[in-house]
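Here is what each chain is made of, one letter per residue.
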Amino acid sequence: MNWLNSEAFTAFGQHILWSDMIGNTIGLIALALGWRRSILTWPAQFLSGVILFTAFAGHLTGSAGKQVVVMAVAAWGWWQWNRGRQQAQDGSIVVRFATWRERGLMAGGAVLGTLAVGGLFTAYPTLSWDPWPDAYIFVGTLVAMYAQARGMVEFWFAWLLVDLVGVPLNFANGYAFSGFVYVIYGALVLWGLRDWWLRSRANAALEGALL
């Protein structure tokens, strides 16, 4: 699978790797499927993790290890949505806003997780090319996936916060395609946020009318 780390093409002076292009394109598709509340978002996220793991294994062990965690969370998200997909009338997952307690737990987990992972990456420099921003993106991605698995609108806010660091970090480290993908992520996140926001309000209004 060494071809995954070979150059696919050059754009704006940046060398685009096959792994970077394929893995992140699938990740983009997964986000679009999440917007549509399709359960296929989870196999897509899992496949993206597999491709990026294959690309990183052997030379960026930290990045490869992160993809293993992403794949595990994707499998858990698939299980969660399979349990809850019949909650909505159209057979899809019901979306809602998180409670303040859930928001506090996610925010606290993000802070503690970033400190822990950033400390690990700093102690072992071979695990990451940029420890603290890398830890922030990694933990933020996990928080976003957790919120998505629970059908929380905050999933989109978490992705926006990841994008704020992900775009400049990827460009700075030569992963131009990832940087461009994160820009597109931002546009999709805004559309997805609007859709889930309106659906959550509609669900809340329907529940209120039934009480």
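Above this note sits the structure.
None of the values given here were measured: they were computed from a predicted structure.

What counts, and where the lines are drawn
Residues numbered from 1 in each chain as written. Predicted model: local features only at pLDDT ≥ 70, side-chain atom pairs only at ≥ 80, totals over all residues. Heavy atoms only, no water. Helix = DSSP H or I, 4+ residues; strand = E, 2+ residues; numbered from the N terminus. Contact = heavy atoms within 4.5 Å. 1 Å grid on protein atoms, 1.4 Å probe; cavity = no way out; pocket = protein on both sides within 12 Å on 5 of 7 lines; lining within 4 Å. Points joined across faces, edges and corners; volume = space filled by probe spheres on them. Nonpolar A, V, L, I, M, F, W, Y, C, P; charged D, E, K, R; others polar. Axes fitted to C-alpha atoms, helices over the stretch in contact; angles between N-to-C directions. Left-handed = near helix turned anticlockwise from the far one by under 90°. Buried < 20%, exposed > 50% of the residue type's maximum accessible area, 1.4 Å probe, protein only. Parallel < 35°, antiparallel > 145°, perpendicular 65-115°, else oblique. Phe/Tyr/Trp six-rings, centres within 6.5 Å; stacked < 30°, edge-to-face > 60°.

**Points about the environment of Leu169**
Thought 1: Counting through the fold element by element, Leu169 comes out in helix H6 (residues 154-172).
Thought 2: Linking Leu169 and Gly179, residues ten residues apart in sequence, is a C-alpha distance of 7.7 Å.
Thought 3: When neighbours within four sequence positions are excluded, Leu169 is seen to be in contact with Trp129, Asp130, Pro133, Asp134 and Ile137.

**With respect to the layout of surface pockets**
Picture a little ball the size of a water molecule; that probe, rolled over the atoms, points out where space is still empty.
Thought 1: Estimates place the volume of the largest pocket at around 380 Å³.
Thought 2: Ala107, Ala110, Val143, Ala158 and Leu161 are, among the 16 residues lining the largest pocket, the residues nearest its centre.
Thought 3: Broken down by secondary-structure element, the contributors of at least two residues to the lining of the largest pocket are helix H4 (100-123), helix H5 (131-149) and H6.
Thought 4: Each residue belonging to the lining of the largest pocket can be placed in one class, and the counts come to twelve nonpolar, two polar and two charged.

**Section: the packing of H4 against H5**
Thought 1: Where H4 meets H5, the closest approach of the two axes is 8 Å, and the angle between their N-to-C directions is 145°. Crossing geometry of H4 relative to H5 is assigned as right-handed. Of H5, the residues touching H4 (which contributes Met106, Gly109, Ala110, Gly113, Thr114, Leu115, Val117, Gly118, Gly119, Phe121 and Thr122) are Pro131, Trp132, Asp134, Ala135, Tyr136, Phe138, Val139, Val143, Tyr146 and Ala147.
Thought 2: Across the contact of H4 with H5, the residue classes break down as 14 nonpolar, six polar and one charged.

**A short note on the side chain of Gln148**
Thought 1: With respect to the helices and strands, the residue Gln148 is situated in helix H5.
Thought 2: Under the relative-accessibility criterion, Gln148 is labelled buried at 2%.
Thought 3: Those residues in contact with Gln148 that lie beyond four places of it in its chain are Gly34, Thr41, Trp42, Gln45, Trp81, Phe155 and Trp196.

**Comments concerning the packing of H5 against H6**
Thought 1: Interhelical geometry of H5 versus H6 gives an angle of 160° and a closest axis separation of 8 Å. One finds that H5 runs roughly antiparallel with respect to H6. When you trace H5 past H6, the crossing you get is left-handed. Within the contact between the two elements, H5 uses Pro133, Asp134, Tyr136, Ile137, Gly140, Thr141, Ala144, Ala147 and Gln148 and H6 uses Glu154, Phe155, Ala158, Trp159, Leu161, Val162, Val165, Gly166 and Leu169.
Thought 2: Grouping the amino acids of the contact of H5 with H6 by side-chain chemistry returns twelve nonpolar, four polar and two charged.

**Some words on the environment of Gly151**
Thought 1: By the element assignment, Gly151 lies in the loop between H5 and H6.
Thought 2: Gly151 gets classed as buried once you look at its relative accessible area, which sits at 0%.
Thought 3: When near neighbours in sequence (up to four residues on either side) are disregarded, Gly151 contacts Trp81, Val94, Val95, Arg96 and Trp196.

**Re the packing of aromatic side chains**
Thought 1: Applying the stated criterion across every chain yields a total of eight aromatic pairs.
Thought 2: Judged by centre distance (6.4 Å) and plane angle (25°), the ring pair of Trp35 and Trp191 falls under stacked. You can see Trp35 sitting in helix H1 (residues 18-35) and its partner Trp191 sitting in helix H7 (residues 176-210), a full 156 residues away along the chain.
Thought 3: A relative accessible area of 53% means that Trp191 is categorised as exposed.
Thought 4: Each ring, one from Phe155 and one from Trp156, has its centre 4.3 Å from the other, and the planes form 50°; the classification is tilted.

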